[in-house]
Structure formats: structure tokens, C-alpha cells
Amino acid sequence: MRKATRLNREESQARTRELLMRSAASCFARLGFEGASVDEIAENAGFSRGAFYSNFLDKDEIFLALLRRHLERDLRDFETILATSNSFEMLADKMAARYRELGDSPDWCLLMAEFQLRVSRANRTDDAFVDTYTSYRITVSRFIEQAFARYGRKGNLTPTELTIALIGLRMDLRWSGRHQGMQFQWP
């Protein structure tokens, strides 16, 4: 019989943060940002309210951490798809497959809708959510610009305009991505 390995302080805190973030994602998707409470997030993760506050300042901080994690994954996926696509058509097919995959995750669809609402309700230009989303849009625009240059394409929209359209389209694809025969075409 193997003895369980005890986690050191840093590993224990990282595990606690991860469990709290998973719980928060579930609670925010199920109840919305406003409906989810710190107590419920902590309890669903198997911790006390104090454990939550020893890891996160408030709901905004954990929500922002979830948004950043999701957008970073999106950017890594986009970069990988761009690097591994041999043609513009292959790039479009891989992007469509990626968004169909995301569409199969109703919690992420709801969570992304909550992120969008939080960003759109920000009343300050220095808001961390707005800054995070702006940075994301700029990076995606650069990827699109690289894709156009790599494959010798030019669209009717600028990379920035196309990025804004794709972010909106992505939400629609996530909701409708479960439908058979969905088509996704880039310019």
C-alpha cells in the first residue's frame, strides 16, 4: 500500500485555487455572475469562504482569472492552428472544428456570454476586463493579419474589423455549433 504524498504549501494553494476556479466557472455558467455567490463558489469547491478570500480578492478577480485563462487558451489554439495549416482552406476548416468543439460545451457558452456582459457593462475605460478583451482583440487581429499574409489573402474587412466580427460570430457558432451541417467560411 502506497502512502499518499502530502502537498507542500505552494502545491496545496495551487490545488485550492484550481478547485475554486472550476467551481466558479460552473457557478457563473449556471447562475450568472450576479447570481453566483462567494459562499456558493467556496462550498461547491469543498472550501470555506475564508479559503476563497485567501486566494482571491473578490468575485471580479476570480472571474477575470477565468476570462484570461480562456482567452489565453483561445490564442494558443489559434496560433497552433495557424502554424499547422498548409492552406487557407485548412485553416478555416480547423477553426470551424475548434468552434464546433466549443459549442459542445454549454457551460463555456454560458460563461463566455457572462464575460461579454461583464465587459459591455464596464463603465470605466481602465477596467481590467476591458483591457483584457482589448489585448485579446489586438492579438487575434495580428494572427489574422499573419494568416492573410501567409496565404496571400485579402478580405473586405481589415484584420481588426474581421476580429470583431469573428468574436461575435464565435458566440453564435458556440450556440449553434451542435447543429449538423454547419458551414464556416472565411473571406
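Conventions used here
- Residues numbered from 1 in each chain as written.
- Predicted model: local features only at pLDDT ≥ 70, side-chain atom pairs only at ≥ 80, totals over all residues.
- Heavy atoms only, no water.
- Phe/Tyr/Trp six-rings, centres within 6.5 Å; stacked < 30°, edge-to-face > 60°.
- Buried < 20%, exposed > 50% of the residue type's maximum accessible area, 1.4 Å probe, protein only.
- Helix = DSSP H or I, 4+ residues; strand = E, 2+ residues; numbered from the N terminus.
- Lys NZ or Arg CZ within 6 Å of the ring centre and 35° of its normal.
- Salt bridge = Lys/Arg side-chain N within 4 Å of Asp/Glu carboxyl O.

Engineer: Explain the packing of aromatic side chains to me, and be specific about the residues and the numbers.
Structural biologist: Here the structure, examined in full by the defined rule, presents ten aromatic pairs. When the ring of F52 is compared with that of Y53, the centres are 5.3 Å apart and the planes differ by 85 degrees; the resulting orientation is edge-to-face. Judged by relative accessible area, which is 39%, Y53 ranks as partly exposed. When the centroid spacing of 5.7 Å and the interplanar angle of 45 degrees are considered together, the rings of F63 and F129 count as tilted. A residue pair is termed long-range when its members are at least 10 positions apart, and F63 in helix 4 (residues 59-84) and F129 in helix 7 (residues 128-151) qualify at 66 residues. Looking at F63, the relative accessible area reads 0%, which means it is buried. According to the relative accessible area criterion, F129 is buried, its value standing at 2%. The ring of F33 carries the charged tip of K59 above its face, separated from the ring centre by 4.6 Å.

Engineer: Pulling in residues and values, what's your account of the pattern of salt bridges?
Structural biologist: Inspection of the entire model under this criterion finds eight salt bridges. Across the pair E40 and R30 runs a salt bridge, and its minimum N-O distance is 2.7 Å. On the criterion of sequence distance, the pair formed by E40 in helix 2 (residues 38-45) and R30 in helix 1 (residues 9-35) is long-range, its members being ten residues apart. Owing to a relative accessible area of 28%, E40 belongs among the partly exposed residues under this scheme.

The analysis is restricted to geometry; functional conclusions fall outside its scope.
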